[in-house]
Amino acid sequence: QSALTQPRSVSGSPGQSVTISCTGTSSDVGGYNYVSWYQQHPGKVPKLMIYDVTKRPSGVPDRFSGSKSGNTASLTISGLQAEDEADYYCCSYAGAYTLGPFGGGTKLTVL
Amino acid sequence: EVQLVQSGAALKQPGESLTISCKASGYTFTRYWIGWVRQMPGKGLEWMGVTNPSDSDTRYSPSFQGQVSISADRSISTAYLHWSSLKASDTAMYYCARPGDQWLPYYWGQGSLITVSS
């Protein structure tokens, strides 16, 4: 299972919006509505931010939103804040009894 | 509240064996698969494999098949990751992860740092 493709880095100024893409294939991202996004600060445990493409776990600010078009899923962070600076990873379902691939990760820098 | 509490950091020599653990609480342990995610220094996340505590069915990512062994003891709600012969390249942070029904990690343990060095 090949890793999903994410940009290595994105950046934005406080208050702006940024979007991180996650491109897979019709066998994973494009085939199912099950994509998750994780935020990881340096030295910390990954935190689930989005699941099932668009759903937010309790406690995740609504500044974080997810979407999908074809084989590409996206995470959008609006109203950027300094604490959003972190690495972000996507992961997709890839079928029954198959461990879905992660993306390679995107480093978000808040300027 | 779902909690996954992992065993601590370990410093091992190449060729040694090691088992790390992950104790789950806050949900019915046999209801969900549970597994392990590797993060090598400065690198991304990789699913290693998952096990079904109800029947011990275990699935591995191709890269990890034959390299590690994943198991669970439902009597004490604990999952395990075992190496029979560690290599320096096994140096990494290992996270226990409980997925939802689609095998995407939902809950995470705090991580166990494994360092393999002579």
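Being a predicted model, the structure only gives us computed values, none of them experimental. (Residues numbered from 1 in each chain as written. Chains lettered and ligands numbered in written order. Predicted model: local features only at pLDDT ≥ 70, side-chain atom pairs only at ≥ 80, totals over all residues. Heavy atoms only, no water.)

### Section: the pairing of strand β10 (residues 105-108) of chain B
All names here are of chain B. Summarising the sheet, strand β9 (residues 92-99) and β10 pair through three bridges and their orientation is antiparallel. Paired with R98 across the strands is Y107, a residue of β10. Between β9 and β10, which pair antiparallel and follow one another directly, the connecting turn spans five residues, one of which, W103, has a positive phi of 60°. (Pairing = 2+ DSSP bridges. Helix = DSSP H or I, 4+ residues; strand = E, 2+ residues; numbered from the N terminus.)

### Considerations on the sheet that holds strand β8 (residues 78-83) of chain B
Across a sheet, paired strands are connected by hydrogen bonds in the backbone, their directions being either parallel or antiparallel. Residue and element names in this part refer to chain B. Taken in spatial order, the four strands make up an open sheet running β1-β3-β8-β7, and their pairing is antiparallel. Looking at the sheet topology across the chains shown, the edges are occupied by β1 (3-6) and β7 (69-73). Taken pair by pair, the neighbouring strands of this sheet meet at an average axis angle of 20°, ignoring direction. Sheet topology note: the β7/β8 ladder contains five bridges and is antiparallel. (Axes fitted to C-alpha atoms, helices over the stretch in contact; angles between N-to-C directions.)

### Overview of the interface of chain A and chain B
Between chain A and chain B, the contact holds 20 residues from the first and 24 residues from the second. Taking both sides of the interface into account, the surface hidden between chain A and chain B amounts to around 1,800 Å²; carbon and sulfur atoms contribute 70%. Taken as a group, Y97, L99 and F102 of chain A account for 37% of the area that chain A buries against chain B, more than any other trio of residues on that side. On the surface where chain A and chain B come into contact, there are zero salt bridges. On the surface where chain A and chain B come into contact, there are five residue pairs in polar contact (both at pLDDT 80 or more). Sorting the residues of the side of chain A that touches chain B by element identifies β3 (35-40) and β7 (86-92) of chain A as the ones contributing at least two each. Element by element, the count of residues in the side of chain A that touches chain B is highest for β3 of chain A, at four residues. (Contact = heavy atoms within 4.5 Å. Buried area = accessible area lost by both parts, 1.4 Å probe. Salt bridge = Lys/Arg side-chain N within 4 Å of Asp/Glu carboxyl O. Polar contact = N/O pair within 3.5 Å; in protein donor to acceptor, adjacent residues only side chain to side chain.)

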